[in-house]
Amino acid sequence: SERRRQSVGSERRRQSERPKVRAIADRLGARQKLSTDVPERILEVERIPEEESATAAEENIMIEGDACPINENVVWQTLCQEARADANSEPALASYLFSTILAHRSLEDALAFVLANKLRSNVLLDSQLLELFSVQYRRDHSLVKKAQADMQAVMDRDPACDKYLQILLFFKGFQAIQAHRVAAALWRQDRKPLALLLQSRISEIFHVDIHPGATIGEGVMLDHATGVVIGETAVIENNVSILHGVTLGGTGTIDGDRHPKIGSGVVIGAGVTILGNIKVGANSKIGAGSVVLQEIPENSTAVGIPARLVKVGTKAEPSLSMDQVSGLDSLNYNI
């Protein structure tokens, strides 16, 4: 019958898909076994017993960022649980979630796969990029540590986000920063042509242009991210939040140290432009649409074109609360 022919055809397609998807896990050394139960491509990822989790905490596998303490194993296990739950509730996503998350053995393997597939092109193959990202993560585990801190930063600060899975798969600000970190590692290894190629692809795909020479700390969030430009000698310290359309640029044609330095705990509103080798002090707020041409002291709020100080003495690390308007209610506005 027609129904039987369709059923047989569907089963053949499923069988033909399995070796291809499984090869991803094999190439990355995944330890999980593929379940034959329905849905076919959902993995049973082992859980960490409570006593093991407690032991791990005692052994200091907690990543002690200033604002984003996270546990490597817990984050990865949570990602896998979220992927299984979403695949069960939306079977159309089962193959996608298996390929991007459940086929892999760790966060770095999944992240390498996601970035490789995002940034590939006709002449820059996903297999080449997968190997590139994987090698860099194995070579420098601090890249993974920073990715975890960035992921926790988004989870803590973005009320629109309630799953780690969303950050890894759908938040291009997070993806752009992680791809930049690999480009920056290549830049430090004097592999500058490859680093610049990666920068170009990041700009094309994510609409975020970060020079591989720029230095970015951990626990950093690019919210929405579209239109962010960060120059070669810019420095962004830990726990900074940056919204879309922000430029950290230089002025003139002289080379050398020519880009802004952003202190820890700073929040930079949408559409802000900061020009020159100037310092934005720790725990400061820059209001949306401002143009900053002079240094901003620590614990200050600046708004306007050009930006002027409207308050000194902000709360510690306003980037964590994403509060961009408190303290401005006493200003007089003429509209």
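Report on the accompanying structure. All of these numbers come straight from a predicted model, not from anything done at the bench. Per-chain numbering applies: the sequence of each chain, read as written, is numbered from 1 onward. A pLDDT threshold of at least 70 governs which residues receive local features in this predicted model, and a stricter bar of 80 or more applies before side-chain atom pairs are shown or counted, although totals over entire chains, interfaces and linings include all residues. As a rule here, side-chain values come from all non-hydrogen atoms in the structure, and water together with hydrogens is ignored.

Turning our eyes to something else, we now look at the overall build of the protein chain. By the criteria applied, helices consist of DSSP H or I runs no shorter than four residues and strands consist of E runs no shorter than two, each listed in order from the N terminus. Secondary structure summary: the protein chain contains eleven helices and 17 strands in total. Residue burial is assigned from relative accessible area. The probe radius is 1.4 Å, only protein chains are included, and a residue is buried under 20% of its type maximum, exposed over 50%, and partly exposed in between. Per-residue burial for the protein chain yields a buried fraction of 48% across its 335 residues. Long-range pairs, those at least 24 residues apart, make up 49% of the contacts in the protein chain between residues at least 6 apart in sequence. Values of accessible area rely on a 1.4 Å probe in the Shrake-Rupley scheme; residue burial ignores everything except the protein chains shown. Approximately 16,400 Å² of the protein chain is accessible, and the part contributed by carbon and sulfur atoms is 50%. The contact rule is simple, with two residues in contact once any of their heavy atoms fall within 4.5 Å.

Here we take up the packing of helix α5 (residues 107-119) against helix α6 (residues 126-139). Two quantities define a packed helix pair, namely the angle between the helix axes and the distance between the axes. Whenever a helix is involved, its axis is fitted only over the stretch in contact; in every case the axis is a line through C-alpha atoms, and angles between N-to-C directions fall within 0 to 180 degrees. Two elements in contact, α5 and α6, have axes separated by 8 Å at closest approach and are oriented at 145 degrees. In this structure, α5 meets α6 at a crossing whose hand is right-handed. Contacts from Glu 108, Leu 111, Ala 112, Phe 113, Leu 115, Ala 116, Asn 117 and Leu 119 in α5 reach Asp 126, Leu 129, Leu 130, Phe 133, Ser 134 and Tyr 137 in α6. Tallied by class, residues from the contact of α5 with α6 come to ten nonpolar, two polar and two charged. For a crossing to be left-handed, the near helix must be turned anticlockwise from the far one by less than a right angle; the clockwise case is right-handed. Residues are sorted three ways: Asp, Glu, Lys and Arg are charged, Ala, Val, Leu, Ile, Met, Phe, Trp, Tyr, Cys and Pro are nonpolar, and all the rest, Gly among them, are polar.

A separate point is the sheet that holds strand β14 (residues 285-286). Paired through backbone hydrogen bonds, the strands of a sheet run either parallel or antiparallel to each other. Pairing within the open sheet is mixed, and its six strands lie in the order β5-β8-β11-β14-β16-β17. The open sheet terminates on both sides in strands that have one partner only, identified here as β5 (221-223) and β17 (308-312). A pair of strands is treated as paired once DSSP finds two or more bridges between them.

Attention now moves to helix α7 (residues 142-157). Over its 16 residues, α7 runs 22 Å from end to end, which matches the ideal 22 Å to within 8%, given 1.5 Å per residue. Among the 16 residues of α7, twelve are classified as buried, and the element is accordingly described as predominantly covered. If you check which residues of α7 are buried, you get Leu 143, Val 144, Ala 147, Gln 148, Ala 149, Asp 150, Met 151, Gln 152, Ala 153, Val 154, Met 155 and Arg 157. Helix span, as expected, comes to 1.5 Å for every residue beyond the first.

A word on the pattern of salt bridges. Any Lys or Arg side-chain nitrogen found within 4 Å of a carboxyl oxygen on Asp or Glu counts as a salt bridge. This structure, assessed with the given rule, holds ten salt bridges. Put simply, Asp 257 and Lys 261 hold a salt bridge, and the shortest N to O gap is 2.6 Å. On the basis of relative accessibility, which here comes to 49%, the residue Asp 257 falls in the partly exposed class. Judged by relative accessible area, Lys 261 falls into the buried class, the value being 16%.

A separate point is the nonpolar core. It is characteristic of soluble globular proteins that their nonpolar side chains tend to be buried jointly. Residues Ile 101, Leu 168 and Ile 268 are the most contacted members of the largest nonpolar core, which totals 81 residues. Those residues in contact with Leu 168 that sit more than four places away from it in its chain are Leu 79, Ile 101, Ala 110, Leu 111, Val 114, Met 151, Phe 174 and Gln 175. To qualify as a nonpolar core, a set must consist of buried Ala, Val, Leu, Ile, Met, Phe, Trp, Tyr and Cys residues joined through side-chain atoms within 4.5 Å.

Quick look at the side chain of Asn 283 now. Tracing the chain through its elements places Asn 283 in the loop between β13 (279-280) and β14. In this structure Asn 283 comes out as buried when scored by relative accessible area, which is 16%. The term polar contact refers here to a pair of N or O atoms within 3.5 Å; inside protein, the definition further demands a hydrogen-donor-capable atom paired with an acceptor-capable atom, and it admits residues adjacent in sequence only when both atoms are side-chain atoms. Within the structure, Asn 283 has its side chain in polar contact with the side chain of Asn 299 (distance 3.4 Å).

Let's shift gears to the packing of helix α4 (residues 94-102) against α5. One can describe the packing of α4 onto α5 by two numbers: an axis separation of 8 Å at closest approach and a directional angle of 120 degrees. When the interaxial angle is binned, α4 and α5 end up oblique. Two secondary-structure elements touch here, α4 through Ser 99, Thr 100 and Ile 101 and α5 through Ala 110, Phe 113 and Val 114. Orientation labels follow simple angle bins: below 35 degrees gives roughly parallel, above 145 gives roughly antiparallel, 65 to 115 gives roughly perpendicular, and whatever is left gives oblique.

Time to look at the environment of Ala 183. Tracing the chain through its elements places Ala 183 in helix α9 (residues 172-188). Judged by its relative accessible area of 1%, Ala 183 is buried. If we skip the residues at most four places from it in the chain, Ala 183 touches Ala 195, Leu 198 and Pro 212.

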